Amino acid sequence: MTSVTDTPAVKVPTLPDAQTVTSVKHWTDSLFSFRVTRPQSLRFRSGEFVMIGLMGDNGRPLLRAYSIASPSWDDELEFYSIKVQDGPLTSRLQHIQPGDEIILRPKPVGTLVHDALLPGKRLWFFATGTGFAPFASLLREPDTYEKYDEIIITHTCRNVAELTYGRELIESLDDDPLIGEMVAGKVRYYPTTTREESPTMGRITTLLLDGTVFRDLGIDGISADNDRAMVCGSLGFNKDMKEILEGFGLNEGANSDPKEFVVEKAFVG
Ligand code: A2P
């Protein structure tokens with residue numbers, strides 16, 4: 001009889017909940033996206049967020065909430081982030097390279113999910129800045145196209161360059177091997193800029209209130225019968241959009257109480 005004493009080679013992660021960076025793309029001086037390996041056990045609903053970060057100098061994890069920008073069926077996880085030069089996390093996170101490790105707590109949560117909305121015909125995604133991230137996930141989610149006839153995504157940024165991540169993603173949808181056929185002309189994109197010349201200028205809030213959006217898109221307006229909405233941006237934006245949507249007769253929903261619109265704060269800092 002022989003005994004086996006060899007210990008199998010086990011890769012010990014150097015960080016708790018470590019995931020490996022697989023790619024990084026810098027979009028502007030202040031925006032980048034990156035992809036990491038996905039923990040096998042992680043299940044999430046498109047639109048949810050997780051806590052991610054790096055080990056702090058004090059030996060404690062430095063974590064922030066980040067929307068998962070990839071859809072629930074993707075093998076990897078994608079994130080879209082600002083770079084804040086003196087931000088505790090993003091001042092360091094912006095320098096990650098493929099092969100580096102980040103910390104990812106595999107506990108997804110969030111309200112920008114289909115479960116928090118009642119059935120409707122048309123779905124609006126209203127984003128400013130990196131608030132586009134959860135919609136990058138939902139725009140690649142088959143459920144979005146099964147549940148709605150039309151999807152309108154508005155994205156307001158200061159400059160044209162800040163729209164690029166979103167624009168390229170939207171342009172890639174029709175050719176996506178998995179969801180391209182389902183998308184088939186259902187997505188309408190309405191980008192606006194506030195501090196640089198572009199075809200549509202101004203805050204989306206102003207353009208909704210003065211009717212420009214509806215004239216440009218050739219639709220009557222937003223109603224609780226047909227329209228559902230998800231909002232993701234700064235605190236001020238979320239507050240203003242909530243008021244505007246309530247003015248159109250929509251009510252704010254939650255996972256436990258689905259209604260006509262949902263709101264979530266984009267990651268900052
Ligand atoms: P503005 O340039 O008029 O402030 P930020 O980079 O500050 O997060 O802003 C991202 C985009 O969101 C900017 O175009 C900004 O417009 C716009 N924005 C900021 N606050 C609001 C708000 N309360 N309502 C609508 N748009 C907003």
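The rules behind the values
Residues numbered from 1 in each chain as written. Predicted model: local features only at pLDDT ≥ 70, side-chain atom pairs only at ≥ 80, totals over all residues. Heavy atoms only, no water. Near = heavy atom within 4 Å. Polar contact = N/O pair within 3.5 Å; in protein donor to acceptor, adjacent residues only side chain to side chain. Areas by Shrake-Rupley, 256 points an atom, 1.4 Å probe, with all protein chains shown as cover. Helix = DSSP H or I, 4+ residues; strand = E, 2+ residues; numbered from the N terminus. Domains from an automatic or database assignment. Contact = heavy atoms within 4.5 Å. Buried area = accessible area lost by both parts, 1.4 Å probe. Phe/Tyr/Trp six-rings, centres within 6.5 Å; stacked < 30°, edge-to-face > 60°. Buried < 20%, exposed > 50% of the residue type's maximum accessible area, 1.4 Å probe, protein only. Expected span 1.5 Å × (residues − 1). Arc of directions from axis to C-beta. Pairing = 2+ DSSP bridges.

S.K.: How do you make sense of the site of the ligand when you look at a structure like this?
M.R.: Near the ligand, the surroundings consist of Thr 128, Thr 156, Cys 157, Arg 158, Thr 194, Arg 195, Arg 203, Thr 205, Ser 234, Gly 236, Phe 237 and Asp 240. Arg 195 is positioned such that a nitrogen or oxygen atom in its side chain is 2.7 Å from an oxygen atom of the ligand. The backbone of Phe 237 places a nitrogen or oxygen atom 3.3 Å from a nitrogen atom of the ligand. Expressed as a share of its isolated accessible area of 550 Å², the protein-covered part of the ligand is 78%. If you list the elements that add at least two residues to the shell around the ligand, you get β8 (150–157) and α8 (235–247).

S.K.: Quick question: what am I supposed to make of the domain arrangement of the chain here?
M.R.: Assigned domains within the chain: domain 1 (3–109) and domain 2 (114–263). Counting from both sides, the interface comprises 21 residues of domain 1 and, opposite them, 18 residues of domain 2. Both sides of the domain 1 and domain 2 interface together cover about 1,600 Å² of buried area, and 59% of this is carbon and sulfur. When residues of domain 1 are sorted by the area they lose upon contact with domain 2, Trp 27, Trp 73 and Tyr 80 head the list and together hold 38% of the total. Inspection of the region where domain 1 meets domain 2 yields 12 residue pairs in polar contact (both at pLDDT 80 or more). Elements represented by at least two residues in the side of domain 1 that touches domain 2 include exactly β1 (18–28), β2 (31–37) and β5 (76–82). Ranked by the residues each element gives to the side of domain 1 that touches domain 2, the list is headed by β5, at 4 residues.

S.K.: Help me out: how do you make sense of the packing of aromatic side chains in this one?
M.R.: Scanning the entire structure with this criterion turns up 11 aromatic pairs. With a centroid separation of 5.4 Å and an interplanar angle of 10°, the aromatic rings of Trp 124 and Phe 126 are classed as stacked. In this structure Trp 124 comes out as buried when scored by relative accessible area, which is 0%. Ring plane angle 15° and centroid distance 4.6 Å describe the contact between Phe 125 and Phe 135, whose orientation is recorded as stacked. One end of the pair, Phe 125, is in strand β7 (residues 122–128); the other, Phe 135, is in helix α2 (residues 133–138), and 10 residues separate them in sequence.

S.K.: Please explain α8 as it appears in this structure.
M.R.: Given 3.6 residues per turn, any residue in an α-helix points the same way as the ones three and four places further on. Taking 1.5 Å as the rise per residue, α8 with 13 residues should run 18 Å; its terminal C-alpha atoms sit 18 Å apart, in good agreement. For α8, the complete set of buried residues consists of Phe 237, Asn 238, Met 241, Ile 244 and Leu 245. For α8, the arc enclosing every buried residue in end-on projection is 130°, short of the 170-degree limit, so these residues lie on one face. Across α8 from its buried face, at more than 90 degrees, point the exposed residues Leu 235, Lys 239, Glu 243 and Gly 247. Looking at the packing, one finds that the buried side of α8 touches β7, α6 (204–209), β10 (227–233) and β11 (261–265). Looking one or two residues beyond α8, the residue adopting positive phi is Gly 249, at roughly 95°.

S.K.: What should I look at first to understand the pairing of β7 in this one?
M.R.: A regular strand places its side chains on the two faces of the sheet in alternate fashion. Among the 7 residues that make up β7, 7 are buried, leaving the element largely enclosed by the rest of the structure. The side-chain alternation of β7 yields two buried faces, one formed by Arg 122, Trp 124, Phe 126 and Thr 128 and the other by Leu 123, Phe 125 and Ala 127. Relative to β8, β7 runs parallel, the two sharing 7 bridges. What sits directly across from Trp 124, in β8, is Ile 152. As judged from the 6 bridges shared by β7 and β10, these two strands associate in the parallel manner. Each residue of the ladder has a partner; that of Phe 126, found in β10, is Val 231.

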